[in-house]
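Residues per chain, in single letters:
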Amino acid sequence: MIQYGRQSIDDSDVEAVVSALRSDWLTTGPAVDRFEADVSRIAGAMLPAVAVTSGTAALHTAYRAARVGPGTEVVTTPLTFAATAATAALLGATVRFADVDEKTGNLDPDAAAAAVTRRTAVIAGVDYAGVPVDASRLSAVARSADAVFLEDAAHSIGSFLNGVPVGSLADITTFSFFPTKNATTAEGGAVVTSDSGLWDRARAFRNHGLVREAERQRHPDEGPWHQEVADFGLNYRMPDVLAALGSSQLLRLTLFKSRRAAIFDRYRAGLSGIDGLSLPSAPSGADPMWHLYAVRVPAEERRRLFETLRADGIGVQVNYIPVYWHPAFEDLGYRRGLCPVAEEWYRREISLPMHAGLSDSEVDLVIERVRKAFGS
Ligand SMILES: *Cc1c(COP(=O)(O)O)cnc(C)c1O
């Protein structure tokens, strides 16, 4: 089976992990500091990244930093992994799903603006497949709502919009380093912001809300051992062993990006001209690190094509079932039909294999099998 996504691990990654294991630190130490500086540099941020244990933890941390909680609302896209919305719901917020742009699958700024209320705390876009959201328009919507603009960049570390790196487009950005993403720490994530208030709250939340600096404590005279919980938090600390893998991976991020771009071009050349098959393309100004190769097919053919390709050894996927179709959201009263463009996208979508470790001959095999499934 040719997998739709997978990690690219080489000897330098193995050596980085082994040397972290042999060091004095296993959990949060100097490798995390280095990884946070590396992520921040790639993201073009003014402050170090806040490394956490997953992309989901990064979203939970970012929403909490933006003061999402009971009585607040989060406007987001349904065309994403459930965690983008579930973490806001877990904090007690109401999620308002707004529809997507028919060309990119990204949150439509007009739909987002229409979903804003007095209670909106965050507008959360997702860089679907690696294509950055329309950041200038979403940030204008967030400004006028006095809300925080969050970018779920689980697909898009390494992407740029009009020359600006993902990580510098929104008020706060979250990354995932799950194995299928653009670079991995096995499990891991990061929050990036250049806003010191958001940054302080994110740093505190991932470490129990602990305050160690005497000048910031309420009871500083307790003794030199004293640390206090100023606000509730969790243990979302990334271990050094995984951060060492992350920094090693990020050294090859541009290599991964160019390999993904070459695969994108090879698919485009090999799959163009098939009746009923719609191929992805980047909107003007976008320089994506392609995370997914998301094609669209006629809805009534999707299931047959998916099953044929799977049976033929091609590890296709579907990204994504609209989030509010999940029973957990259905039980809150969300109904099908809410975001028709996202639903139509879902009904027509198939993700072909896309990762830096795919060889040209594997890509050619995918092309041949897709052509065969279409009878073309
Ligand atoms: C993968 C993903 C997440 C969650 O990241 P994890 O590291 O798996 O917790 C969130 N949002 C999107 C869009 C994702 O693709």
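Residues numbered from 1 in each chain as written. Predicted model: local features only at pLDDT ≥ 70, side-chain atom pairs only at ≥ 80, totals over all residues. Heavy atoms only, no water.

### What about the overall build of the chain?
On a plain count of helices and strands, the chain comes out with 13 helices and 14 strands. The C-alpha atoms of the chain give 21 Å as radius of gyration, which agrees with the globular expectation for 376 residues (21 Å, within 12%). For the chain, the spread of C-alpha atoms along the three principal axes comes to 80 × 50 × 35 Å. Per-residue burial for the chain yields a buried fraction of 55% across its 376 residues. (Helix = DSSP H or I, 4+ residues; strand = E, 2+ residues; numbered from the N terminus. Rg over C-alpha atoms; globule rule 2.2 N^0.38 Å. Buried < 20%, exposed > 50% of the residue type's maximum accessible area, 1.4 Å probe, protein only.)

### Concerning the domain arrangement of the chain
Looking at the chain, the domain boundaries give domain 1 (11-250) and domain 2 (253-374). Carbon and sulfur atoms supply 65% of the area that domain 1 and domain 2 bury against each other, a total of about 2800 Å² over both sides. Among the residues of domain 1 in contact with domain 2, Phe-97, Tyr-128 and Asn-182 are the three that bury the most area, contributing 20% of the side total. Across the domain 1-domain 2 interface, the total number found is zero salt bridges. The interface formed by domain 1 and domain 2 includes 18 residue pairs in polar contact (both at pLDDT 80 or more). At the level of secondary structure, the elements contributing two or more residues to the side of domain 1 that touches domain 2 comprise helix 4 (83-90), strand 3 (94-97), strand 6 (160-161) and helix 8 (240-250). When its residues are assigned to classes, the side of domain 1 that touches domain 2 shows 21 nonpolar, 12 polar and five charged. (Domains from an automatic or database assignment. Buried area = accessible area lost by both parts, 1.4 Å probe. Salt bridge = Lys/Arg side-chain N within 4 Å of Asp/Glu carboxyl O. Polar contact = N/O pair within 3.5 Å; in protein donor to acceptor, adjacent residues only side chain to side chain. Nonpolar A, V, L, I, M, F, W, Y, C, P; charged D, E, K, R; others polar.)

### Section: the packing of aromatic side chains
Taken as a whole, this structure holds 13 aromatic pairs when the rule is applied. Note on Phe-97 and Phe-329: the rings are 5.6 Å apart at their centroids and 80° apart in plane angle, and the pair reads as edge-to-face. Separated by 232 residues along the polypeptide, Phe-97 in strand 3 and Phe-329 in helix 11 (residues 327-330) bring together distant segments of the chain. Overall, Phe-97 belongs to the buried group, its relative accessible area being 8%. Residue classification places Phe-329 among the buried residues on the basis of a relative accessible area of 6%. Between the aromatic rings of Phe-205 and Tyr-236, the centroid separation amounts to 6.0 Å while the plane-to-plane angle is 75°, which identifies the pairing as edge-to-face. One end of the pair, Phe-205, is in helix 7 (residues 196-205); the other, Tyr-236, is in the loop between strand 11 (228-229) and helix 8, with 31 residues separating them in the sequence. Members of the aromatic cluster, joined through ring pairs, are Phe-97, Tyr-324, Phe-329 and Tyr-334. Cation over ring: Arg-296 sits above Trp-345, and NZ or CZ is 3.8 Å from the ring centre. Positioned above the aromatic ring of Trp-325, the side-chain terminus of Arg-336 is 3.8 Å from the ring centre. (Phe/Tyr/Trp six-rings, centres within 6.5 Å; stacked < 30°, edge-to-face > 60°. Lys NZ or Arg CZ within 6 Å of the ring centre and 35° of its normal.)

### Focus: the confidence of the model for the chain
Taken residue by residue, the chain gives an average pLDDT of 97. The fraction at 70 or more is 100%. Mean pLDDT values over the elements of the chain span from 92, in strand 10 (residues 210-211), up to 99, in strand 5 (residues 148-152). (pLDDT = per-residue confidence, 0-100.)

### Comments concerning the environment of Asp-312
Within the secondary structure, Asp-312 is located in the loop between helix 10 (299-311) and helix 11. For Asp-312, a relative accessible area of 22% puts it in the partly exposed group. Excluding its chain neighbours within four sequence positions, the residues that come into contact with Asp-312 are Arg-369 and Lys-372. (Contact = heavy atoms within 4.5 Å.)

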